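Per-entry structural report
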Amino acid sequence: MPNFCAAPNCTRKSTQSDLAFFRFPRDPERCRLWVENCRRADLEEKTPDQLNKHYRLCAKHFEPAMICKTSPYRTVLRDTAIPTIFDLTSHLGNPHSRHRKRIKVLVEYLYHITFLESSIEQLLSKKDCDAQDDSENADDIPQLTPEQKDLREFLRSSFEVMVLIGRQNFSFSCNVREDEMRSEEERFLTTGNFQALIEHRINAGDEFLRRRFETAAVNEEYCSAVQQRQLLDVCERCVREEILQQVRECRFFSIITGELVEFPEGEHLPIFLRFVDQANTLREEFIEFLSFEGEEVTVAERLETQLTKGWGLSMEHCRGQAHAGSGILGTKMKVIAAQLKEKYPMAVITPTSTCALNVHLANGMPLTGVQVVMSVLKKTNAFFKASPLLQSELDNAISILCQENIEKENLLKEGSRSTWTDLHNVFEMAVDLMEPLLLCMDSIHDNEDLKWNDQITSDAYAISEALADFEFIVTLVILKNALSFTRAFGKNLQGETIDVFFAANSLTAVLHSLHEVSDNLEVYHEFWFEEAVSLATAMEVPVKVPRLFLRKQQAVETMEIQAESFFKEYLTLPVMEYITQEVKEIFSENHLKALKCLSLVPAVMGQMRFNTSEETHADIYRRDLPHPDTLPAELHCWRIKWKHRGKEVSLPCNIHETLQHSDVKFFPNVNAFLKILATLPVLKLDGSQGETAQRRLQAYLTDTALNQRCKNLAVLNINYHIKTDLEEMVQCYLKTYPEESESD
């Protein structure tokens, strides 16, 4: 259906011009201003959601500076745009205008201002108004030809089927090439699910589709492959636009990326956006897969372009970024993050709330030995998750080696059944499990009882070879000891809000401990190396310098190299340097200031006996506040409110609870400040369902074979909870592919 302008005396509709039409905003305050400027009393009774769904204003009612053209096909409004250009008097010379209902409302308004008594009696004639209302309703019905109506109905049915395919994660087709189809039966079996579901609807009694295709040949496609791809593209865009519209209304957001995802067309980077919606709920939504081809600079530019020109967001409103990745990917993502932060200093780099800090630090280390350790630990954990029998085999190995320590035995068994590679104490757990793991892997590889298949025994052998290497053992022990100084700090970051606040204030002590180790590296390394040698001896693994290093050195010199000095220079020293530098970069001055402002949460205030000083750190977001000049006074009132609360009133414990409190709307600066803080990826998603987006992504990847993966369908599947408007999809399709509607 065409869009009609809701402004009084405006007869424009989208089918008559290239003008952009804009939805009423969902934000209650902005929506109220739009309605107030329109001077239509009938709109005042409607909710922002109703206005957003059913009413539009054309571009003629906005100042040119308020309108941005992000691409040849996309026009958006600035976040603060308010309509100010209206024709409020042209109807006075034509009392028989067909827009009688709007005129009635407008004249009632003008009566109180200009006292146009002579015109009121004529314009308020109820008989004329009723007659003109009927005329207006008749005129608003779009005049469509039978062919156009038929096409729209077909598109609506097609989009309904396409959304079903995406949400249920049906494969788009079975991906058999034409040259492989050798019979009519094989051709039937390779019919895509889209066509099959259309046929199912026809067989189930869909009379419209039956009439449309009753003359089609048996083997004729109801919808070409090209058109199916176009439908799928529009579905994806409309679902994504529904999320992006909410992000634009909230203004501030953070970017989160995940591990690379493999598709038939190459590797892609999953992009999530974190924001607080109009219901004051923190959300983390999946948006798109971004191509990862090219150098780091190219990928960074592609990401920025997609965010700004593709999605209509402003990077000036980005307040945080968190990037997952290990090995080469982790190194590349660090470069990409640094480039974005250089251009947009407020987009602070943080770890994600779902990844332990020590795991994040280890994943990012550009040391081959460290990356081998991380890879083997992940493979080992996945190996035992494949079968309860394998886990039982590990439990037996733990029991054999911990006969005299029941408490340790129970702890190791319980820990090994969890996803221990994601824990804050992953390296402590790994060191304690080394002997049982090697014993277990050797037993599985021997396979004396013939209870394991060839794949399992092969995997067990590969893991045991990695475990029984001194370089692996010493690297694991060094990581355990070096990262022990950040373990408690990282655990607090994923704790309650009060824990995060105290963690931010303890960073100085953490850095002091790291510097002390670096200053006395020889002493610390000696103790750590002895621990590694002791563990290797217990595992019957010889202590030696890596074979690859010795081969390289043979061509240079023949001097014997001591293992202890080698690992100090090539492992312990670079590990400590990396940890210290990375902690400083992640927890930058802006990041720490933001975390210290968590004292705005009432429970933190109470813990500090209401003796907090947010003003010291509030400058970081002062420009983002609605009334920065009144911030000191507002903060004082905020403290007084909670300090002198009634005994029956409990203090909100986190940002989510605070934003849901009914009184927060009376503190606009505090409200805005908390919303911005909540978007930081380092804070856990209190009281929201945001983390489910990443779980849905993992579920999609687990359930879908590589050759069946489709980026468009993945977006629909992961975002199945996002509402879809079929009419909006039809309108978007006709606007995007006008030639298709003409040729139909």
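Residues numbered from 1 in each chain as written. Predicted model: local features only at pLDDT ≥ 70, side-chain atom pairs only at ≥ 80, totals over all residues. Heavy atoms only, no water.

1. With respect to the overall build of the protein
Scanning the protein for helices and strands turns up 34 helices and 10 strands. Looking at the 744 residues of the protein, the share that counts as buried comes to 49%. Considering only contacts in the protein between residues 6 or more positions apart, those separated by 24 or more positions represent 72%. A total of about 37000 Å² of accessible surface is found on the protein, and carbon and sulfur atoms cover 50% of it. (Helix = DSSP H or I, 4+ residues; strand = E, 2+ residues; numbered from the N terminus. Buried < 20%, exposed > 50% of the residue type's maximum accessible area, 1.4 Å probe, protein only. Contact = heavy atoms within 4.5 Å. Areas by Shrake-Rupley, 256 points an atom, 1.4 Å probe, with all protein chains shown as cover.)

2. Examining helix α17 (residues 426–446)
The terminal C-alpha atoms of α17 lie 28 Å apart, and with 21 residues this matches the ideal 30 Å at 1.5 Å per residue to within 8%. When the local axis directions of α17 are compared, the greatest deviation, roughly 50°, occurs at leucine 433, which is followed within four positions by the proline proline 436. Trailing α17 by a residue or two, asparagine 447 shows a phi angle of about 50°, which is positive. (Expected span 1.5 Å × (residues − 1). Bend = angle between axes of the 7 residues up to and from the residue.)

3. Considering the packing of aromatic side chains
Aromatic ring pairs: the centre-centre distance and the angle between the two ring planes describe each pair. Scanning the model with the defined rule gives 20 aromatic pairs in all. Both rings, one in phenylalanine 383 and one in phenylalanine 384, keep their centres 5.2 Å apart while their planes meet at 90°; by these two values the pair is edge-to-face. Seen from their ring centres, tryptophan 638 and tryptophan 642 are 5.7 Å apart, and the 80° between their planes marks the pair as edge-to-face. Placement of both tryptophan 638 and tryptophan 642 in helix α28 (residues 631–643) is noted, with a separation of four residues, approximately one turn of the helix. There is no split in this pair, since tryptophan 638 and tryptophan 642 are both buried. What links up through ring pairs into an aromatic cluster is the set Phe470, Phe529, Phe566, Phe567 and Tyr570. The ring of tryptophan 642 has lysine 641 sitting right over it, with the charged end atom 4.8 Å from the ring centre. (Phe/Tyr/Trp six-rings, centres within 6.5 Å; stacked < 30°, edge-to-face > 60°. Lys NZ or Arg CZ within 6 Å of the ring centre and 35° of its normal.)

4. Quick notes on unusual backbone geometry
Despite not being glycine, asparagine 280 has its phi angle at roughly 60°, a positive value. Of note, asparagine 280 is situated in the loop between β7 (266–276) and β8 (282–291).

5. Points about the pairing of strand β5 (residues 253–257)
Burial within β5 is extensive, with five of its five residues counted as buried. Here β5 shows two buried faces, one formed by Phe253, Ile255 and Thr257 and the other by Ser254 and Ile256. With five bridges joining them, β5 and strand β9 (residues 318–323) adopt parallel strand pairing. What sits directly across from isoleucine 255, in β9, is glutamine 321. In this structure, β5 lies alongside β7, joined through four bridges in antiparallel fashion. Bridge pairing in β7 places isoleucine 256 opposite phenylalanine 272. (Pairing = 2+ DSSP bridges.)

6. Focus: the packing of helix α14 (residues 368–385) against helix α18 (residues 454–467)
It is the contact of α14 with α18, at a shortest axis distance of 11 Å, that shows an interaxial angle of 145°. For the crossing formed where α14 meets α18, the hand is left-handed. The segment α14 lies against α18, with Val376, Lys379, Thr380 and Phe383 engaging Ile456, Asp459, Ala460, Ile463, Ala466 and Leu467. Tallied by class, the residues present in the contact of α14 with α18 amount to seven nonpolar, one polar and two charged. (Axes fitted to C-alpha atoms, helices over the stretch in contact; angles between N-to-C directions. Left-handed = near helix turned anticlockwise from the far one by under 90°. Nonpolar A, V, L, I, M, F, W, Y, C, P; charged D, E, K, R; others polar.)

7. Notes on the confidence of the model for the protein
Mean pLDDT over the protein stands at 82; residues scoring 70 or higher make up 84%. Below a pLDDT of 50 lies the segment residues 95–131, which in the model reaches 55 contacts outside its immediate sequence neighbourhood of four places, other chains included. The model gives residues 133–141 a pLDDT under 50, and that stretch makes nine contacts with residues more than four places away or in other chains. (pLDDT = per-residue confidence, 0-100.)

8. Overview of helix α33 (residues 726–736)
Along α33, the positions that sit buried rather than exposed are Leu726, Met729, Val730, Gln731, Cys732, Tyr733 and Leu734. Among the residues of α33, the N-terminal cap falls to aspartate 725, whose side-chain oxygen and the backbone nitrogen of glutamate 727 are separated by 3.1 Å. (Polar contact = N/O pair within 3.5 Å; in protein donor to acceptor, adjacent residues only side chain to side chain.)

9. Regarding the pattern of salt bridges
Under the counting rule described, the total for this entry stands at 30 salt bridges. For glutamate 304, the salt bridge is made with lysine 343, and the minimal N-O distance between the two is 2.9 Å. On the criterion of sequence distance, the pair formed by glutamate 304 in helix α11 (residues 296–310) and lysine 343 in helix α12 (residues 327–343) is long-range, its members being 39 residues apart. Between glutamate 589 and lysine 593 there is a salt bridge; the shortest N-O distance is 3.6 Å. With a gap of four residues between them, glutamate 589 and lysine 593 both fall in helix α26 (residues 589–596), about one helical turn apart. When its relative accessible area of 56% is taken as the criterion, glutamate 589 is described as exposed. The class of lysine 593 is partly exposed, set by a relative accessible area of 24%. Via salt bridges that share partners, Arg23, Arg56 and Glu728 belong to a single interconnected network. (Salt bridge = Lys/Arg side-chain N within 4 Å of Asp/Glu carboxyl O.)

10. A word on the pairing of β9
In terms of burial, β9 is a largely internal element, six of the six residues being buried. Sheet topology note: the β9/strand β10 (residues 348–349) ladder contains two bridges and is parallel. Counterpart to glutamine 321 in the pairing with β10 is isoleucine 349.

11. Brief notes about a negative patch on the surface
On the surface, Asp442, Asp446, Glu448, Asp449 and Glu465 cluster together into a patch of negative charge. Looking at the element boundaries, aspartate 442 is found in helix α17. Take aspartate 442: its relative accessible area is 34%, and that puts it in the partly exposed class. (Patch = residues over 30% accessible without salt bridge, like charges linked within 9 Å, V, L, I, M, F, W, Y side chains within 5 Å. Lys, Arg positive; Asp, Glu negative; His and termini not counted. Charge placed at Lys NZ, Arg CZ, Asp CG, Glu CD.)

12. Brief notes about the side chain of histidine 61
Looking at the element boundaries, histidine 61 is found in the loop between β2 (56–58) and β3 (67–71). Assessed through its relative accessible area of 5%, histidine 61 is described here as buried. Residues within four places of histidine 61 in sequence aside, it is in contact with Cys5, Ala7, Cys10, Arg12, Pro83, Thr84, Ile85 and Phe86.

13. Points about the environment of alanine 603
In this structure, alanine 603 sits in helix α27 (residues 602–607). Sequence spacing of alanine 603 and asparagine 654 is 51 residues, and the spatial spacing of their C-alpha atoms is 7.4 Å. Excluding residues that lie within four positions of it along the chain, alanine 603 makes contacts with Leu651, Pro652 and Cys653.

14. Side note on the environment of arginine 40
Here arginine 40 is to be found in the loop between α1 (28–38) and α2 (48–54). Of the residues examined, arginine 40 reaches a relative accessible area of 7% and is grouped as buried. C-alpha separation for the pair arginine 40 and alanine 6, spaced 34 residues apart in sequence, amounts to 8.8 Å.

15. A closer look at a nonpolar patch on the surface
Taken together, the side chains of Ile400, Leu401 and Leu439 present a nonpolar region at the surface, about 250 Å² in accessible area. Mapped onto the secondary structure, isoleucine 400 falls in helix α15 (residues 388–401).

16. Things to note about the side chain of glutamate 304
Given a relative accessible area of 13%, glutamate 304 falls into the buried group. For glutamate 304, the contacting residues outside a window of four places in its chain are Met315, Leu340, Lys343 and Tyr344.

17. Regarding the environment of serine 464
On the secondary structure map, serine 464 appears in helix α18. Residue class for serine 464 comes out buried when judged on its relative accessible area of 5%. With 24 residues separating them along the chain, serine 464 and cysteine 440 place their C-alpha atoms 8.8 Å apart. Sequence-distant contacts of serine 464, that is, excluding residues within four places in its chain, are made with Leu438, Met441 and Asp442.

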